[in-house]
Amino acid sequence: MITIEKSERLKNLPPYLFKEIDRQKDEVKKRGVDIISLGVGDPDMPTPPHIIEALQKAATDPQNHKYPSYTGMDEFNNAVARWYRKRFNVSLDPAKEVVTLIGSKEGIAHIPLAFINQGDIALVSSPGYPVYNIGVQFAGGRSHLMDLKKENDFLPDLSAIPDDIAKKAKLMFINYPNNPTSAVATEEFFKDVVQFAHKNNIIICHDAAYTEMAFDGYKPASFLETQGAKEVGIEFHSLSKTYNMTGWRLGFAVGRPEVIDGLGQIKSNIDSGAFQAIQIAGIAALDGDQSCVDEFNLEYTKRRDILVDGLTGLGFSVKKPRATFYVWVEVPKGYTSAQFTSLLLSKTGIVVTPGNGFGSAGEGYIRMALTVGQERMKEVVERIRSVEI
Ligand SMILES: *Cc1c(COP(=O)(O)O)cnc(C)c1O
């Protein structure tokens, strides 16, 4: 037997906050309770048939059984450029300004390896998608947290970042429409970010995973629509949420060529690209009829209204999200995020995510994902009505 000792990298990971919730979930399950999970941001509806058919066909072609290109098939990168032109009116050179990813999480986790040296600083929002901070840590860097506060509409206050930190920072991660707060960015905010990046020489990484999941006619912008944005950074995108393809692992990053090139260089040393048949299915998704996206959004709108109207009627403080499939709910007075999550689980069998799991500034909130049908969502409201809070 040899002794196995994990790296400092793993030992220094932030504590896993869901351990206690996971234990309680198992316990509630064992009691035979009918659990309703609103905990995980994973669409419950299937991938549209035309995308599955494209995969089926492509999977039979031996040409697709080989190692793909590291940076993505030309045809896929071209489809990304076409989609950006059509959707955002942003022009991209597919050869230099697009890289295909094995899901956007992959690219987000890897980009710090290309630009962060030991001890370097990255600006990361709290609450936020945990991968930003972890990716920075794995690369040997440190995250300076930018708190997202209700009074600032959950946009980071750039003027609150100390000058010396801003001068030292190499990267900034932002994400709008936002997970977990469901906040959306203003044109003004994106302009401020571009200016801040220019002033402090910071690479901006905008995570745009939710631009297509939006309601009531609202169309979120790409960060790259902002003047000067392509000079300061890149945008991550994903087919996961838009087309219910989380399991397929396909995403991409677009923007400033040197940044795309750095990410591509890391990737070429680590992975060998996404399965070509999946990229071909991705082309079918991006080039194909987008009415499926409207249908999904209409369904999310109905679920959202059931949940938010229901919770508001019960006295909760909650805003109707204009985008993302998350509802960010303030926990009632007297509870922490974890306590309220635990109460919901034990008294109602409803699984939600405690806000502090996304960073300490998420304390005081829970995140509920719109991942069950309308009837189930009505049941969620009824169950919450039945508990004494
Ligand atoms: C779901 C999600 C992604 C997408 O991840 P993939 O790896 O593309 O499946 C990226 N960022 C955020 C904030 C997400 O919630």
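Residues numbered from 1 in each chain as written. Predicted model: local features only at pLDDT ≥ 70, side-chain atom pairs only at ≥ 80, totals over all residues. Heavy atoms only, no water.

1. Section: the overall build of the protein chain
When you go through the protein chain residue by residue, the secondary structure sums to 14 helices and 12 strands. What you see for the protein chain is a C-alpha radius of gyration of 21 Å, in line with the 21 Å of a compact globule of 389 residues. Along the three orthogonal principal directions, the C-alpha set of the protein chain runs to about 60 × 60 × 55 Å. The buried share of the protein chain, taken over its 389 residues, is 56%. Taking the intrachain contacts of the protein chain between residues at least 6 apart in sequence as the baseline, contacts between residues at least 24 apart amount to 75%. A total of about 17,800 Å² of accessible surface is found on the protein chain, and carbon and sulfur atoms cover 51% of it. Taking the average location of the 44 positive side-chain charges in the protein chain and that of its 48 negative ones, the two points are 3 Å from each other. (Helix = DSSP H or I, 4+ residues; strand = E, 2+ residues; numbered from the N terminus. Rg over C-alpha atoms; globule rule 2.2 N^0.38 Å. Buried < 20%, exposed > 50% of the residue type's maximum accessible area, 1.4 Å probe, protein only. Contact = heavy atoms within 4.5 Å. Areas by Shrake-Rupley, 256 points an atom, 1.4 Å probe, with all protein chains shown as cover. Lys, Arg positive; Asp, Glu negative; His and termini not counted. Charge placed at Lys NZ, Arg CZ, Asp CG, Glu CD.)

2. Concerning the site of the ligand
The environment of the ligand is made up of 14 residues, and the closest members are Asp207, Ser238, Ser240, Lys241 and Arg249. Note that an oxygen atom of the ligand is positioned 2.6 Å from one of the side-chain N or O atoms of tyrosine 210. With respect to the ligand, the side chain of serine 238 contributes an N or O atom lying 2.6 Å from an oxygen atom. Here the ligand loses 94% of its free accessible area of 390 Å² to cover by the protein chains. In the shell around the ligand, the residues fall into four nonpolar, six polar and four charged. (Near = heavy atom within 4 Å. Polar contact = N/O pair within 3.5 Å; in protein donor to acceptor, adjacent residues only side chain to side chain. Nonpolar A, V, L, I, M, F, W, Y, C, P; charged D, E, K, R; others polar.)

3. Looking at unusual backbone geometry
The peptide bond linking serine 126 to proline 127 adopts the cis configuration, its omega dihedral lying at 0°. For proline 127, the location among the structural elements is in the loop between strand E3 (121-126) and helix H6 (131-138). The step from asparagine 179 to proline 180 runs through a cis peptide bond, and the omega angle for that step is 10°. Assignment of secondary structure puts proline 180 in the loop between strand E5 (169-175) and helix H8 (187-200). Non-glycine residue phenylalanine 154 carries a positive phi angle of around 60°. Residue classification places phenylalanine 154 among the buried residues on the basis of a relative accessible area of 12%. For threonine 324, which is not glycine, the phi dihedral falls at a positive 70°.

4. Some remarks on the domain arrangement of the protein chain
Its domain assignment divides the protein chain into domain 1 (8-46 + 292-385) and domain 2 (50-287). The C-alpha centroid of domain 2 is placed 25 Å from the C-alpha centroid of domain 1. Taken together, the contact between domain 1 and domain 2 spans 34 residues of the former and 32 residues of the latter. For the pair domain 1 and domain 2, the summed buried area comes to about 2,800 Å², and 60% of that belongs to carbon and sulfur atoms. At the junction of domain 1 with domain 2, the criterion picks out two salt bridges. Taken together, the elements giving at least two residues each to the side of domain 1 that touches domain 2 come down to helix H1 (8-11), helix H12 (291-313), strand E9 (326-330) and strand E12 (365-369). Considering each element in turn, the side of domain 1 that touches domain 2 owes the most residues, seven residues, to H12. The residue inventory of the side of domain 1 that touches domain 2, partitioned by class, reads 18 nonpolar, 10 polar and six charged. (Domains from an automatic or database assignment. Buried area = accessible area lost by both parts, 1.4 Å probe. Salt bridge = Lys/Arg side-chain N within 4 Å of Asp/Glu carboxyl O.)

5. Looking at the sheet that holds strand E6 (residues 203-207)
The strand order across the open sheet built from seven strands is E2-E8-E7-E6-E5-E3-E4, with neighbouring strands paired in mixed fashion. This sheet does not close on itself; its edge strands, each paired only once, are strand E2 (98-101) and strand E4 (142-147). Direction aside, neighbouring strands of the sheet carry axes that sit 20° apart on average. Here three bridges tie E3 to E5, and the two strands are oriented parallel to one another. (Pairing = 2+ DSSP bridges. Axes fitted to C-alpha atoms, helices over the stretch in contact; angles between N-to-C directions.)

6. Observations concerning the environment of threonine 71
Its location among the elements puts threonine 71 in the loop between helix H3 (49-59) and helix H4 (74-88). A residue is classified by how much of its surface remains accessible, and threonine 71, at 37% relative accessible area, is partly exposed. Separated by 83 residues in the primary sequence, threonine 71 and phenylalanine 154 have C-alpha atoms spaced 34 Å apart. Discounting chain neighbours no more than four positions away, the residues touching threonine 71 are Asn77, Val98, Val99 and Thr100.

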